[in-house]
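Here's the letter readout for the chains.
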Protein chains: 4
Amino acid sequence: MSSNSFGLLFRVTTWGESHGPAIGCVVDGVPPRIPLAEADIQPALDRRRPGTSRFVTQRRESDTVRILSGVFEGQTTGTPIALVIENEDARSRDYGPIKDTYRPGHADFTYDAKYGIRDYRGGGRASARETAMRVAAGAVAQKILGDGVTVRGAVIQVGGHAVDRKRWDWAETTQNPFFSPDAAIVPVWEDALYAARKAGTSLGAIIQVEADGVPAGLGAPVYGKVDADLAAAMVGINAVKGVEIGAGFAAATLSGDENGDEIRMAGGQPRFLTNNAGGVLGGITTGQPVVARFVVKPTSSIRTPRRTITRDGAETEVSTEGRHDPCVGIRAVPVGEAMMACVLADLLLRHRAQCG
Amino acid sequence: MSSNSFGLLFRVTTWGESHGPAIGCVVDGVPPRIPLAEADIQPALDRRRPGTSRFVTQRRESDTVRILSGVFEGQTTGTPIALVIENEDARSRDYGPIKDTYRPGHADFTYDAKYGIRDYRGGGRASARETAMRVAAGAVAQKILGDGVTVRGAVIQVGGHAVDRKRWDWAETTQNPFFSPDAAIVPVWEDALYAARKAGTSLGAIIQVEADGVPAGLGAPVYGKVDADLAAAMVGINAVKGVEIGAGFAAATLSGDENGDEIRMAGGQPRFLTNNAGGVLGGITTGQPVVARFVVKPTSSIRTPRRTITRDGAETEVSTEGRHDPCVGIRAVPVGEAMMACVLADLLLRHRAQCG
Amino acid sequence: MSSNSFGLLFRVTTWGESHGPAIGCVVDGVPPRIPLAEADIQPALDRRRPGTSRFVTQRRESDTVRILSGVFEGQTTGTPIALVIENEDARSRDYGPIKDTYRPGHADFTYDAKYGIRDYRGGGRASARETAMRVAAGAVAQKILGDGVTVRGAVIQVGGHAVDRKRWDWAETTQNPFFSPDAAIVPVWEDALYAARKAGTSLGAIIQVEADGVPAGLGAPVYGKVDADLAAAMVGINAVKGVEIGAGFAAATLSGDENGDEIRMAGGQPRFLTNNAGGVLGGITTGQPVVARFVVKPTSSIRTPRRTITRDGAETEVSTEGRHDPCVGIRAVPVGEAMMACVLADLLLRHRAQCG
Amino acid sequence: MSSNSFGLLFRVTTWGESHGPAIGCVVDGVPPRIPLAEADIQPALDRRRPGTSRFVTQRRESDTVRILSGVFEGQTTGTPIALVIENEDARSRDYGPIKDTYRPGHADFTYDAKYGIRDYRGGGRASARETAMRVAAGAVAQKILGDGVTVRGAVIQVGGHAVDRKRWDWAETTQNPFFSPDAAIVPVWEDALYAARKAGTSLGAIIQVEADGVPAGLGAPVYGKVDADLAAAMVGINAVKGVEIGAGFAAATLSGDENGDEIRMAGGQPRFLTNNAGGVLGGITTGQPVVARFVVKPTSSIRTPRRTITRDGAETEVSTEGRHDPCVGIRAVPVGEAMMACVLADLLLRHRAQCG
């Protein structure tokens, strides 16, 4: 599979660099006759957009998406949908400090090791800017899933501070700039982020994404497991270094009788009494909510000077000034939701293919 | 991608059910003129084999592998390598209890939801028996990687009991039936497993797999990230519900200056002072050890009666007698190693394709 | 895609060499609950089997197929179906003459150029024996297509002797050893083949394969065209060097008004007045018969001495004794039918995925 | 594989409709550090461009290509290359006649049968305009192949009039508007095209494409054959209904001793005395020129009234006025060359992956 494509039947191919003229994607395999317009995509992009609070990068991008193909008279035609966003605020600043110096935690060193060349302006292809196209594609995926499937995400931990799950309220996630489901943790996170920024550093975060209304039977055994597709999707997001489904790592400390979700009947339908499986057993959905959690490492672009080397192998130090997210995990929420939607849309089509 | 295949260029397709006549795989894309014989594969299978200690299932399988194609006069020919293992101890017992009853934590319910039919004998396709072919394929992958790349794994936690990393000794992993790198934890795990079995239940585990000697530059940005391939590979193993690379979930509580691995020069080569990245930055290997960790949920087949339903929707209870691993995570070590080797072999070929 | 796999959703992976212990395939993506047994596959294999007339190789193979997985209690389970055929008559003869000498028209030279190693026994992987597994997979594909779709093939030319289309009778194809739809041409072909064999040479052939009952709407524009999938499928058969759909090469000499198939209504359904399109317009099926034709070059294994070189670059001559088909095209009929069925089964699943 | 992508490692994804705002493609998998600019691509587009002679459509498009990503400071970076061409002359005319009426020979009927919706303006996605992006991608592919590989094409037949191969002169192909290698046939074709246009009809054509300098060893046996990839590539071009490699269909009438290319040594290298194999044996290149031929059916858009039906199933007639190529095969030459280059670039990368 090509390195810049995602999905088998619902298939997204993205392109573009942080400081190039534009970024874009091609969404292929979309069923025909689905109503689709820019207005269906823009709101998702607006949620991810930079510059929306003090806690995210101040880069000014309207992130205005255009549909260039695949839609006719307001409906999808079944042909590839090309989406494009112009880069507006690609500052023509001095890239000297990072042109030849590898920033710790960044892809600078590895791109050079692999390709022997890299577009160093704003991180080039490695920039989180690429995730805008995931969000755009996710909005298309959501249209395929339909209203019956609800995908939503929340930040559940910033630095060492986790939400209190007893206070979980999805409605809260739209009321604060952190997508927090726990209103009480918000001032704690604010203080922590101010302190981190003041100290010239940054914080990591954990995000939870969940899909309700997913029918039982999606996915496939062995190498087409829903868990595996979700894992690849989430870990493929910039700066993500871990993922778990359902109980996840906590399952290590559960006993078998605690972990296996028991089943009863309710209203003529199977009802699981718990959801440690995160909605997936044997790689196939159970009909319960599909629940994934992923960790985003602290932003690597920080003001604190770090020891590093240059392209020529000279030892030096580097510190990164400029408009960076003190916690890049926050803006990962719409991205995680989008990847969940993309995975599910692909699974839906694949299931329909084999099982009708 | 087909649901029973793994990898793009180094490509493994497995088949077979727990109680069918045989299991097997086709390994395609192997470079030519690599010395290969059954004796290169059998030792890896023997490490995974059931019946080797009191803490794993007592099913008796010699797991004798045969090469049916793709090797000529002791060397690979570049054509597909077919491997097969006969099932020997597929007991013809009474499957009544599980034929029509969904075992909690198992794929019984979801297979039926998807396919409307399932081979219930020993778990059919969902059985961990399939992982034998991953191990066999991993042995072929290791031949491609060559002696310069060392892949090894260890159990680092059973139930609530984690190893003490200060006592980590890789040599220990071959001296106890738990693949533990910490000799001191072994009796603790023994006691815990005895207790779990006596209580009619089971325990989860965490496994670490690591690859040394991987050159910098493997992998690709965006959707071909090493992290994403590893995540899919590990989470695709039976009963695995989470994966992390490098610092993983712990990165949430690290600050940016703690997390980013600083770089110095040593002997004319870049040397990272830490490895929170787990050997992967921007989806591309750094040349440091590639480190992944995954969690295996506690065995779902337990003696404790659990509430469940039948195929017809009647509420009932089920308990699973028989020869099951009290901690299926233990035998997952060679499987995790194999998946790491398969991922790296594929990455190596893909890198060579694009970057020569 | 792996070089030994075919199809996207209905996916066949074959393995095995002419003189290895066995040949086999894995058929993945088959919908569940389709009745399937060896008896559904064996008749197709028997049609292709060597040794059935004086005009095909006298190698003695019963070609007895076994299903090793993916079928339970007589029905497909949705998991991969492994099929295997033991090689029985792999004569342990003296391979000296071809071990180090490249036979003109064979893959000997190119396998060595690519891999630097080849299993020279009976042609190894390049042997037409591999096509047995295509036929087996095609029988599974036909079960997916169901009784509504009829796939059938015929030899329409041997050497310079073409059938008379006015005498076309499908029923005739089962009455002569040449799959000829024209009874009158049979003695002509017999004479030509005797003459060719006597002269130590061989003849080429053209085969037509056609599918009736294919619904309109299968396939996809641009790179997923039915024509393109069929072309790859047919040209991928051993010794095939050309393919055409519908009017094919004859379309060069038609004018636009002769070529475009006009449409009327009949019984409330669209009815095309001709079928120059071969049932495919814009890459998508029209509902008319899908018609493909392919050419099979004359058997390269002939008694006439040919100039060639050895592995070491010495000039020499080679002639091939033994049990070879004087016209390998004849046995290509069931293979072409199988590839048509495989392509259509894959298209059917892909169409259902996108268009429901 | 997605229906709008082509190639495995060198992978092209195209998008866009005839009368949308733009058409474009994403070229993924390109090796890094290859010099590339718009000026490397534009000349190939100019050869295919409409409006260049009286014998091609008079639609006015400058076909100015822009590179939006994947190139930095004049070199490829290894990341995806996005190419885009604005549609300039998408006339806002009255589409009434074709909006609801199926033109014989066109994809109108089948798009509706599949998708239930179609962008009827200028043929939408089915327009030959899509081939501009193939040509653009082919120019990138040619850069990967390097100067050692020469790909060139020629029209060898228009209607019933074939070139005389004894007069074949590649230099001629740039001297006439028909890409004819035979100067003497040019006036014959001119007359035939005038006559066809005057009669309100169109003519078919046969194109030959050939690649010199291709190393031996590219390709792979069974389902990754060079012949099969080329066949899919060529037949996937709009209006192409047949393809042949080397001797192609003529091989049916050759005897085995005539067909198999004999081998001698010349200057220490193998030299084939003929090239009936078209440079491919057993699916792998021989080092001889790779030769493919394909047929393009006569343009379906003609003035002559044809019987057809409407979307509602009413019988009617349709004739197509406007600026259409009287022989669409002529402009297929650069497209065929591009597909040859794309196939070879992909094969080159795949070969390097497996065989180093």
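So, here is what we can say about the structure in this document. (Residues numbered from 1 in each chain as written. Chains lettered and ligands numbered in written order. Predicted model: local features only at pLDDT ≥ 70, side-chain atom pairs only at ≥ 80, totals over all residues. Heavy atoms only, no water.)

Turning to the overall build of chain A, a few remarks are in order. When helices and strands are tallied, chain A shows eight helices and 18 strands. The C-alpha atoms of chain A give a radius of gyration of 21 Å, which matches the 21 Å a tight globule of 356 residues would have. Counting only C-alpha atoms and orienting by the principal axes, one finds that chain A spans roughly 65 × 50 × 35 Å. Going through the 356 residues of chain A one by one, you find that 67% of them count as buried. Restricting the contact set of chain A to residue pairs at least 6 apart, pairs at least 24 apart contribute 69%. When the accessible surface of chain A is totalled, it reaches about 10900 Å², and 49% of it is carbon and sulfur. Side-chain charges of chain A comprise 40 positive and 40 negative groups, with the mean position of each set lying 2 Å from the other. (Helix = DSSP H or I, 4+ residues; strand = E, 2+ residues; numbered from the N terminus. Rg over C-alpha atoms; globule rule 2.2 N^0.38 Å. Buried < 20%, exposed > 50% of the residue type's maximum accessible area, 1.4 Å probe, protein only. Contact = heavy atoms within 4.5 Å. Areas by Shrake-Rupley, 256 points an atom, 1.4 Å probe, with all protein chains shown as cover. Lys, Arg positive; Asp, Glu negative; His and termini not counted. Charge placed at Lys NZ, Arg CZ, Asp CG, Glu CD.)

Looking now at the relation of the copies chain C and chain D. You can overlay chain C on chain D at an RMSD of 0.0 Å; the transform is a turn of 180° with a shift of 0.0 Å along its axis. Given the turn and translation reported, the copies of this chain are related as if by a two-fold rotation axis. Mapped onto chain D, 100% of the interface residues of chain C again fall at the interface, so both copies present the same surface. (Least-squares fit on C-alpha atoms with pLDDT ≥ 70 in both.)

To continue, consider the pairing of strand β16 (residues 290–296) of chain A. Residue and element names in this part refer to chain A. Burial within β16 is extensive, with seven of its seven residues counted as buried. Side chains V290, A292, F294 and V296 project from β16 onto one buried face, and the interleaved V291, R293 and V295 project onto a second face that is buried too. Pairing between strand β10 (residues 205–212) and β16: seven bridges, direction antiparallel. Its bridge partner being in β16, I206 is matched across the sheet by V295. Sheet topology places strand β11 (residues 240–245) next to β16; five bridges connect them, and they run antiparallel. Looking at the pairing, E244 lines up with R293 of β16. (Pairing = 2+ DSSP bridges.)

Before going further, it helps to spend a moment on the relation of the copies chain B and chain A. For the pair of chain copies, the relating transformation is a rotation about an axis with a translation along it. Placing chain B over chain A gives an RMSD of 0.0 Å and needs a rotation angle of 180°, together with 0.0 Å of translation along the axis. Same-surface contact between copies: 100% of interface residues of chain B are shared with the interface of chain A.

This paragraph deals with the sheet that holds strand β4 (residues 65–67) of chain C. Residues and elements named next belong to chain C. Across the sheet, five strands lie side by side as β1-β2-β3-β7-β4; this open sheet has antiparallel pairing. Strands with a single pairing partner mark the edges of an open sheet, and in this sheet they are β1 (5–6) and β4. Judged from the two bridges that link them, β1 and strand β2 (residues 11–16) form a sheet pairing that is antiparallel. From the neighbouring strand, S5 faces β2, where its bridge partner is T13.

Moving on, we come to the interface of chain B and chain A. Each partner contributes to the interface: chain B provides 100 residues, whereas chain A provides 100 residues. Regarding the contact of chain B and chain A, the summed buried area is about 8000 Å², with carbon and sulfur atoms giving 61% of it. Seen at the junction of chain B and chain A, the total is eight salt bridges. Between D227 of chain B and K241 of chain A there is a salt bridge; the shortest N-O distance is 2.9 Å. Across the contact surface, chain B and chain A share 50 residue pairs in polar contact (both at pLDDT 80 or more). A per-class count over the side of chain B that touches chain A returns 47 nonpolar, 36 polar and 17 charged. The sheet contact formed by β11 of chain A and strand β11 (residues 240–245) of chain B spans three bridges and is antiparallel. (Buried area = accessible area lost by both parts, 1.4 Å probe. Salt bridge = Lys/Arg side-chain N within 4 Å of Asp/Glu carboxyl O. Polar contact = N/O pair within 3.5 Å; in protein donor to acceptor, adjacent residues only side chain to side chain. Nonpolar A, V, L, I, M, F, W, Y, C, P; charged D, E, K, R; others polar.)

Oppositely charged side chains may form a pair once their charged atoms are brought near each other. Here the structure, examined in full by the defined rule, presents 92 salt bridges over all chains. Among the ionic pairs, D112 of chain B bridges to R311 of chain B, the shortest N-O distance being 2.6 Å. Placement of D112 of chain B in helix α3 (residues 108–115) and of R311 of chain B in the loop between β17 (306–309) and β18 (315–318) is noted, with a sequence separation of 199 residues between them. Its salt-bridge partner being E130 of chain B, residue R134 of chain B comes within 2.8 Å of it at the nearest N-O pair. Overall, R134 of chain B belongs to the buried group, its relative accessible area being 1%. Of the residues examined, E130 of chain B reaches a relative accessible area of 3% and is grouped as buried. Through salt bridges with shared partners, a single ionic network connects R103, D108, D112, R118 and R311 of chain A.

Looking now at helix α1 (residues 38–48) of chain B. All names here are of chain B. Inspection of α1 places I41, Q42, L45 and R48 among the buried residues, and these make up the whole buried set. Down the axis, α1 shows its buried residues gathered within 115° of arc, on one side only. Check the buried side of α1 and you find it contacts β4 (65–67), β7 (81–86), α4 (131–145) and α8 (332–355). (Arc of directions from axis to C-beta.)

In terms of burial, helix α6 (residues 226–235) of chain B is a largely internal element, 10 of the 10 residues being buried. Among the residues making up α6 of chain B, those that are buried are V226, D227, A228, D229, L230, A231, A232, A233, M234 and V235 of chain B.

What follows deals with the sheet that holds strand β1 (residues 5–6) of chain D. Residue and element names in this part refer to chain D. A sheet is described by the order of its strands in space; here five strands give the open sequence β1-β2-β3-β7-β4, paired in antiparallel fashion. The open sheet has two edge strands, β1 and β4 (65–67), and neither has a second partner. The pairing of strand β3 (residues 22–28) with strand β7 (residues 81–86) spans six bridges and is antiparallel. Bridged to I23 within β7 is I85.

Next up on the list: the packing of helix α6 (residues 226–235) of chain D against helix α8 (residues 332–355) of chain D. Residue and element names in this part refer to chain D. Here α6 crosses α8 at 145°, and the two axes come no closer than 9 Å. Classified by chirality, the crossing of α8 by α6 is right-handed. Residue-level contacts link V226, D229, L230, A233 and M234 of α6 to G336, M339, M340, V343, L347 and R350 of α8. Of the residues belonging to the contact of α6 with α8, the class tally is eight nonpolar, one polar and two charged. (Axes fitted to C-alpha atoms, helices over the stretch in contact; angles between N-to-C directions. Left-handed = near helix turned anticlockwise from the far one by under 90°.)

So, to be careful, I would describe these as geometric facts and stop short of saying anything about function.
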